[in-house]
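# Descriptive analysis of the structure
Below are the chains, spelled out letter by letter.
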Amino acid sequence: MRITVETNVAAPVDQVWRAYTTPADIVKWNAASDDWHTTRATVDLRDGGAFSSRMEAKDGSMGFDFAGTYTKIVEHKRIEYAFGDRKAEVEFVPGPKGVVVRVVFDSEPTHSVEQQQGGWQAILDSFTRYVEARQNKS
């Protein structure tokens, strides 16, 4: 099953793209809740390049690596990647009120569709808050 989450980010597409693909930015927004954080991120942004984000509970009780391989990169427009036996696509669509960022991904069998959609949406909402706060400072 495919799941879709999306947000609208009130910022120029180059800033949205950079925040989504730069490790120093990823560690600042990539968490679904305040009790989790991303401790490190790596990005080799090219077809065939690898990425990884280490996500951990702030209390140290658990953590995991979210990692995969980019399968298609169209700068400022689209990122496709594989992670395990699953795939995802991220679209960046500029519009009159900013950039719509839409993520479509394969579900997994361990958690409910609602849990997966809620978790990925929470991360995307965190991304939006981060980019817009940076935009408002400039």
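Keep in mind the model is a prediction, meaning the values are calculated, not measured.

### Focus on the packing of aromatic side chains
The geometry of two aromatic rings is summed up by the distance between their centres and the angle between their planes. Under the definition given, this model contains 15 aromatic pairs. With a centroid separation of 5.9 Å and an interplanar angle of 55 degrees, the aromatic rings of W36 and F64 are classed as tilted. Of this pair, W36 sits in strand β2 (residues 36-43) while F64 sits in strand β4 (residues 63-74), and the two are 28 residues apart along the sequence. According to the relative accessible area criterion, W36 is partly exposed, its value standing at 22%. On the basis of an interplanar angle of 10 degrees and a centroid distance of 3.6 Å, the ring pair of F105 and W120 is categorised as stacked. Highlighted residues: F105 in strand β7 (residues 98-106) and W120 in helix α3 (residues 113-137), separated in sequence by 15 residues. A residue is classified by how much of its surface remains accessible, and F105, at 0% relative accessible area, is buried.

### Overview of the UniProt feature "domain: Activator of Hsp90 ATPase homologue 1/2-like C-terminal" (unreviewed entry) in the protein chain
Within this numbering scheme, the UniProt entry marks residues 11-132 as carrying the feature "domain: Activator of Hsp90 ATPase homologue 1/2-like C-terminal" (unreviewed entry). Secondary structure over residues 11-132 splits into 30% helix and 43% strand, and the C-alpha atoms at its two ends are 7 Å apart.

### Some thoughts on the side chain of E80
When you line up the elements, E80 lands in strand β5 (residues 78-83). Side-chain polar atoms of E80 contact the side chain of R78, separated by 2.6 Å. What E80 contacts, discounting residues up to four positions off in sequence, is T69, Y70, T71, K72, A88 and E89.

Rules behind the numbers
- Residues numbered from 1 in each chain as written.
- Predicted model: local features only at pLDDT ≥ 70, side-chain atom pairs only at ≥ 80, totals over all residues.
- Heavy atoms only, no water.
- Phe/Tyr/Trp six-rings, centres within 6.5 Å; stacked < 30°, edge-to-face > 60°.
- Helix = DSSP H or I, 4+ residues; strand = E, 2+ residues; numbered from the N terminus.
- Buried < 20%, exposed > 50% of the residue type's maximum accessible area, 1.4 Å probe, protein only.
- UniProt positions renumbered as here; feature names shortened; annotations may be inferred.
- Polar contact = N/O pair within 3.5 Å; in protein donor to acceptor, adjacent residues only side chain to side chain.
- Contact = heavy atoms within 4.5 Å.

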